[in-house]
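# Reading the structure
Listed below, chain by chain, are the residues.
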Amino acid sequence: MARLQEFDVDEGDRPVGGQAMNARPDTFAEQPVLIVGGGFSGTLLAINLTRLGVPVVLFERDQASLAKGLAFGTRCPEHLLNVRASNMSAFHDDPGHFLRWMGLSGAEQCNRFVSRLTYGQYLRELLVGSLGSTAGRLTVRAGDVVDLTETAQGVSAVLASGESVAGRAGVLALGHSAPRLPGPCASLPPSLGWADPWHPQALAGLGPDGGVLLLGTGLTAIDLIISLDRAGHRGPIVALSRRGLISRAHWPAGPDCEPVPAPTARGAALVRAVRVRAAQIGWRKAIDELRPHTQALWRAHDARAQGSFLRHLRPYWDVHRHRLAPEIAARIAGLQAEGRLAVVAGRLVDATVKDGAALIHWRPRGGGTVASLEAARVINCIGPESDITQAHQPLLQALLTRGAIRPDARRLGIDVDPQLCVRDHLGAPNARIHAVGPLTKGIGWEVIAVPDIRVQVRALARQLAGVKA
Ligand SMILES: Cc1cc2nc3c(=O)[nH]c(=O)nc-3n(C[C@H](O)[C@H](O)[C@H](O)COP(=O)(O)OP(=O)(O)OC[C@H]3O[C@@H](n4cnc5c(N)ncnc54)[C@H](O)[C@@H]3O)c2cc1C
């Protein structure tokens, strides 16, 4: 495996590699594209753009996250990818790239679920490689971008330090926003109620025997359970969600699904068709063969039908579509069998503080008596805040306040047109400001995993570089 070079970006908004920031490009074409967010999407877009000869300034506010972002910046080596190594190349047109970097070959190795920490090193190394090989076209800046304004020539990124950087276009690659604690738990003191499950301190100060309540039973809750187990936690863990559904496991063997034509059914008829297909070929294959068509199917449904999917089907879709590595699923099942983990279905009723612990009342699904439990820590695992009007993100707030962006109809992110141009409050696309990654879920639903984002950023890079389709 290739070794990760040491790479450092200090806190002082100092350029690392690339052109000095006061060197003024002579022509519009030499003006850089400004990418805000140096996680997976922003890094990959920067690499694609610089390969096409376009200068880029990549802004990242968190040094530890550079290139890795939230998903691959985990410090826990037991957090595994939920996609097989064979499908994790950063480049759509070079599907074997990650396998070569890992030195993996043969079906058994390529089907593995590698640690996310290792994948983060892969991304960091790609970025460092680009810094060294693109003749100064790529600049990485440490800093929090708090505004992106239009200028006569293009755009200007305003940093929290007050400094501005000019470019010809801007791209928002901000990733996920941390969620807030749901209503009944919002009043718990920070030592008991933890809103951001991805914060490195989420488990800090928790005694090994303390009870833990995870709000949510999705992949974030699974991460927390694995982290607790790895830390030797002995206390009871309860994961609560409305339906108590937990992600299903991948098969150990690789995917072997043949391409199929796009389904013609829509709405409820499509759901019935998928169920029939699942009975014929198994639910995993029935979901997997939809994958190349999911974005088009999303767009083929109107906002009402999309809303209906989100309300009624999303929890079932999520647990079948976003699967666990088999070893993670086995570990979760083991913890349940030992009685150390309980996954329950119900609703929060209220949360108070009693004798220094959180006292939680919740009503089991289907009604019945209100149950109670005590927890030394309540951790929010309900998933990222996708409603940009609710996000704690000064940049989004500034753009919203000026009417430069608006949420998409389903409040899954930012409203963009098919070219990923953000739409202003009246719906007009802005050719100078784009968005990529999970922020653009509104136009395709499945724009969250590596295999989808690598296609999206490649297309945007070619568009910004003026490469004919
Ligand atoms: C926990 C988790 C696990 C996942 N596991 C997998 C997996 O196994 N396989 C898979 O295919 N997909 C996985 N995904 C999905 C997917 O890969 C990620 O959603 C993807 O990495 C998103 O990349 P992004 O760049 O859009 O966001 P991020 O990678 O989160 O990056 C956004 C970056 O922007 C920075 N930023 C934000 N605002 C500003 C600002 N104003 N100024 C400067 N910087 C800013 C942030 O600090 C952050 O580093 C996972 C997602 C999560 C959350």
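Below you will find a few notes about this structure. (Residues numbered from 1 in each chain as written. Predicted model: local features only at pLDDT ≥ 70, side-chain atom pairs only at ≥ 80, totals over all residues. Heavy atoms only, no water.)

### Some thoughts on the nonpolar core
The test is simple: In this text, buried Ala, Val, Leu, Ile, Met, Phe, Trp, Tyr and Cys residues form a nonpolar core when linked through side-chain atoms within 4.5 Å. Partly exposed residues are those whose accessible area sits between 20% and 50% of the maximum for their type, while under 20% is buried and over 50% is exposed, using a 1.4 Å probe and protein chains only. Note on contacts: a residue pair is in contact if any heavy atoms of the two residues lie within 4.5 Å.
With 72 residues, the main nonpolar core has Ile35, Leu49, Phe98, Tyr119, Leu172 and Ile414 as its most contacted residues. Contact partners of Ile414, with chain neighbours within four places excluded, come to Leu172, Ile388, Leu396, Ile405, Arg406, Asp408, Val422, Leu439 and Thr440. Counting residues in hydrophobic clusters, the runner-up holds 25 residues, among them Val212, Ala325, Ala329 and Cys381.

### A closer look at the side chain of Asp417
Let me state the cut-off plainly: Each helix is a run of H or I in the DSSP string that is no shorter than four residues. Each strand is a run of E no shorter than two, and both are numbered from the N terminus. Under this rule, positive means Lys or Arg and negative means Asp or Glu; His and the chain ends count for nothing. The salt bridge criterion pairs a side-chain nitrogen of Lys or Arg with a carboxyl oxygen of Asp or Glu, the two atoms within 4 Å.
Tracing the backbone shows Asp417 in the loop between helix H12 (394-401) and strand S15 (421-423). Within the buried set, Asp417 has no salt-bridge partner at all; the shortest N-O distance to an opposite charge, 5.4 Å, is to Arg423. When sequence neighbours within four positions are dropped, the list of residues in contact with Asp417 reads Arg423, Pro429 and Ile443.

### With respect to the pattern of salt bridges
In total, this model carries 22 salt bridges according to the counting rule given. Between Arg141 and Glu163 there is a salt bridge; the shortest N-O distance is 3.0 Å. In this pair, Arg141 sits in strand S3 (residues 138-142) while Glu163 sits in the loop between strand S5 (155-159) and strand S6 (164-167), placing the two residues 22 residues apart along the sequence. One salt bridge in this structure joins Glu446 and Arg291, with 3.5 Å as the shortest N-O distance.

### Some words on the packing of helix H6 (residues 219-230) against helix H11 (residues 326-337)
Selection rule: Convention adopted: a line fitted to C-alpha atoms gives each axis, helices being fitted over their contacting stretch, and angles between N-to-C directions are expressed from 0 to 180 degrees. In what follows, roughly perpendicular refers to angles from 65 to 115 degrees, roughly parallel to angles under 35, roughly antiparallel to angles over 145, and oblique to any angle outside these ranges. Each helix crossing is assigned a hand: it is left-handed if the near helix lies turned anticlockwise from the far helix by less than a right angle, otherwise right-handed if that turn is clockwise. The classification used treats Ala, Val, Leu, Ile, Met, Phe, Trp, Tyr, Cys and Pro as nonpolar, Asp, Glu, Lys and Arg as charged, and all other residues, Gly among them, as polar.
Close contact between H6 and H11 brings their axes to 11 Å; oriented N to C, the two are set at 70 degrees. In terms of axis orientation, H6 runs roughly perpendicular to H11. Crossing angle aside, the handedness with which H6 passes H11 is left-handed. Counting all contacts with H6, which are made through Ile222, Ile225, Ile226, Asp229 and Arg230, the residues of H11 involved are Ile328, Arg331, Ile332 and Leu335. Of the residues in the contact of H6 with H11, the class split is six nonpolar, no polar and three charged.

### Comments concerning helix H1 (residues 40-51)
What counts is decided by this rule: Take the residue count of a helix, subtract one, and multiply by 1.5 Å to get its expected span.
Between its first and last C-alpha atoms H1 spans 17 Å; for twelve residues at 1.5 Å apiece the expected length is 16 Å, and the two agree. Along H1, eleven of the twelve residues are buried, which leaves the element largely enclosed by surrounding structure. Among all positions of H1, only Phe40, Ser41, Gly42, Thr43, Leu44, Leu45, Ala46, Ile47, Asn48, Leu49 and Thr50 are buried. Gly53, located one to two residues past H1, shows a positive phi value of around 90 degrees.

### A few points about the side chain of His250
Stated formally: In the analysis that follows, any N or O atom pair within 3.5 Å is treated as a polar contact, provided that within protein one partner can donate a hydrogen and the other can accept it, and provided that, for residues neighboring in sequence, both atoms belong to side chains.
Relative to the helices and strands, His250 is located in the loop between strand S10 (237-241) and helix H7 (267-281). Among the polar contacts listed, one links the side chain of His250 to the backbone oxygen of Asn82, at a separation of 2.8 Å. Aside from chain neighbours lying at most four places away, what touches His250 is Asn82, Arg84, Phe113, Arg284, Arg323, Leu324, Ala325 and Pro326.

### Brief notes about the sheet that holds strand S8 (residues 193-194)
Rules: For two strands to be treated as a pair, DSSP must find no fewer than two bridges joining them.
Reading across from one edge, S8-S14-S9-S10-S11-S12-S13 is the order of the seven strands in this open sheet, with mixed pairing throughout. Each of the sheet's edge strands pairs with one partner strand only, and the pair in question is S8 and strand S13 (371-375). By the bridge criterion, two bridges tie S8 to strand S14 (residues 377-380) in an arrangement that is parallel. The partner of Trp194 across the bridge, within S14, is Ile379. Against the sheet, H6 touches strand S9 (212-215), S10, strand S11 (341-354) and S14, its axis set at about 160 degrees to S9.

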